[in-house]
Amino acid sequence: EPEVTQTPSHQVTQMGQEVILRCVPISNHLYFYWYRQILGQKVEFLVSFYNNEISEKSEIFDDQFSVERPDGSNFTLKIRSTKLEDSAMYFCASSDGTNINTIYFGEGSWLTVV
Amino acid sequence: AQSVTQLGSHVSVSEGALVLLRCNYSSSVPPYLFWYVQYPNQGLQLLLKYTSAATLVKGINGFEAEFKKSETSFHLTKPSAHMSDAAEYFCAVRDNAGNMLTFGGGTRLMVKP
C-alpha cells in the first residue's frame, strides 16, 4: 500500500536554529498537510497546501513556519528559528483530489529543541 | 468552531471483551467524522470514516462506529478485543468548509490477557 514517508524520524536542534522536515506524499495525491502533536496534547492542524499554495492555515502557523513543494515529490516544513515550544511530533499527510476525506498520515518526525 | 471530546484518556479491557471508545463532537454543520489509530512508533492510520452515508460505519480490524446526530456522538466499538488492538485511538472531525481535521485528545486502549 502506498504510504507517506517522512525524514528525519528524530531530530534534536538548538534553540534558534532552522529546521527542515521533509515528506514524500503519496504520488498521485494533490492535497498536502502538516499537523503536530506536542507531548501529551492533541494533534493540531498546522497547514494545508494545494495547487502550489497554502489553502488553509491555523493560528499556530505563524511567520516562523513555511512550507514548500520544491519538486514533484517532496513537501517540506521549515521552522526558521526554533523555540523550545516547537518540540513536538510533526506529521505530514496527503489526500487525493477525488476523496479528500481519506487523509493518509506519515509516521511523524520527532523534533526536540534544546 | 468545532471541537472533539474523547471521554477517557485510558481504557483497559480484557482480551475478548467489548471495546467502547467514546467520542462526542460539536459542529455547526453536519460533519465528516473519523477514527484514527496510532500503534507504538507508527503514524496515524485511518480506521473508518463517516461522510453522511450510512450511520453505522464499518472499518478495518473489526471496528465499527455509529453516528448519532441527536447525541452528537461517534463512538467506536469492537465486539471482542484482541491484544493487537492495544494502541492510541483518535477521533477527528472535519466540516464542509475546509480540509482541516480537528482531533480529540486520544484514548489509549490497553488489552489485558
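Everything below is about the structure printed above this text.
Note that the structure is a prediction, hence the values are computed from the model and not measured. (Residues numbered from 1 in each chain as written. Chains lettered and ligands numbered in written order. Predicted model: local features only at pLDDT ≥ 70, side-chain atom pairs only at ≥ 80, totals over all residues. Heavy atoms only, no water.)

Visitor: So what exactly am I meant to see when it comes to the interface of chain B and chain A here?
Guide: For interface size, the figure often reported is the accessible area lost on association. The interface of chain B with chain A comprises 21 residues on the first partner and 19 residues on the second. Summed over both partners, the interface of chain B with chain A comes to about 1700 Å²; 53% of that surface belongs to carbon and sulfur atoms. Joining chain B to chain A, the criterion identifies zero salt bridges. Looking at the side of chain B that touches chain A, the elements that each hand over two or more residues are β5 (32–38), β6 (44–50) and β10 (87–94) of chain B. Tallying contributions element by element places β5(B) first for the side of chain B that touches chain A, with four residues. (Contact = heavy atoms within 4.5 Å. Buried area = accessible area lost by both parts, 1.4 Å probe. Salt bridge = Lys/Arg side-chain N within 4 Å of Asp/Glu carboxyl O. Helix = DSSP H or I, 4+ residues; strand = E, 2+ residues; numbered from the N terminus.)

Visitor: Sorry, what's going on with the environment of A:Trp110 here?
Guide: Residues and elements named next belong to chain A. Positionally, tryptophan 110 belongs in strand β11 (residues 109–113). Classification of tryptophan 110 as partly exposed rests on a relative accessible area of 30%. Separated by 31 residues in sequence, tryptophan 110 and isoleucine 79 have C-alpha atoms that sit 14 Å apart. (Buried < 20%, exposed > 50% of the residue type's maximum accessible area, 1.4 Å probe, protein only.)

Visitor: Explain the pattern of salt bridges to me, please; I cannot follow it from the model alone.
Guide: For side chains bearing opposite charge, pairing can occur when the charged atoms are close. Enumeration according to the criterion identifies four salt bridges over all chains in this entry. Across the pair A:Glu44 and A:Arg36 runs a salt bridge, and its minimum N-O distance is 3.3 Å. Here A:Arg36 falls in the buried class, since its relative accessible area comes to 9%. Residue B:Arg108 pairs with B:Glu88 through a salt bridge whose shortest N-O separation is 2.8 Å. Of this pair, B:Arg108 sits in strand β12 (residues 107–112) while B:Glu88 is found in strand β10, placing the two residues 20 residues apart along the sequence. By relative accessible area, which is 14% here, B:Glu88 ends up buried.

Visitor: Just to check I follow, could you spell out the nonpolar core for this structure?
Guide: Within soluble globular proteins, side chains that are nonpolar generally end up buried alongside one another. Residue and element names in this part refer to chain B. Judged by nonpolar contacts, the single largest core of 27 residues is most densely connected at Trp35, Leu48, Phe74, Leu76 and Tyr89. Taken together, the elements giving at least two residues each to this core come down to β2 (10–14), β3 (19–21), β5, β6, β8 (64–68), β9 (73–78), β10 and β12. By residue number, the principal contributor to this core is β10, which donates four residues. Not counting chain neighbours up to four residues away, the residues in contact with leucine 48 comprise Leu33, Phe34, Trp35, Val57, Lys58, Gly59, Phe63, Glu64, Ala65, Phe74 and Leu76. (Core = buried A, V, L, I, M, F, W, Y, C linked by side-chain atoms within 4.5 Å.)

Visitor: Quick question: what am I supposed to make of the sheet that holds strand β7 (residues 65–68) of chain A here?
Guide: Residues and elements named next belong to chain A. Strands sit in the order β1-β3-β8-β7 across an open sheet of four strands; the sheet is antiparallel. Strands with a single pairing partner mark the edges of an open sheet, and in this sheet they are β1 (5–7) and β7. Direction aside, the axes of adjacent strands within the sheet are offset by 20° on average. Two elements, β1 and strand β3 (residues 19–24), share three bridges in a ladder whose sense is antiparallel. Residue pairing in the sheet places threonine 5 in a bridge with valine 24 of β3. (Pairing = 2+ DSSP bridges. Axes fitted to C-alpha atoms, helices over the stretch in contact; angles between N-to-C directions.)

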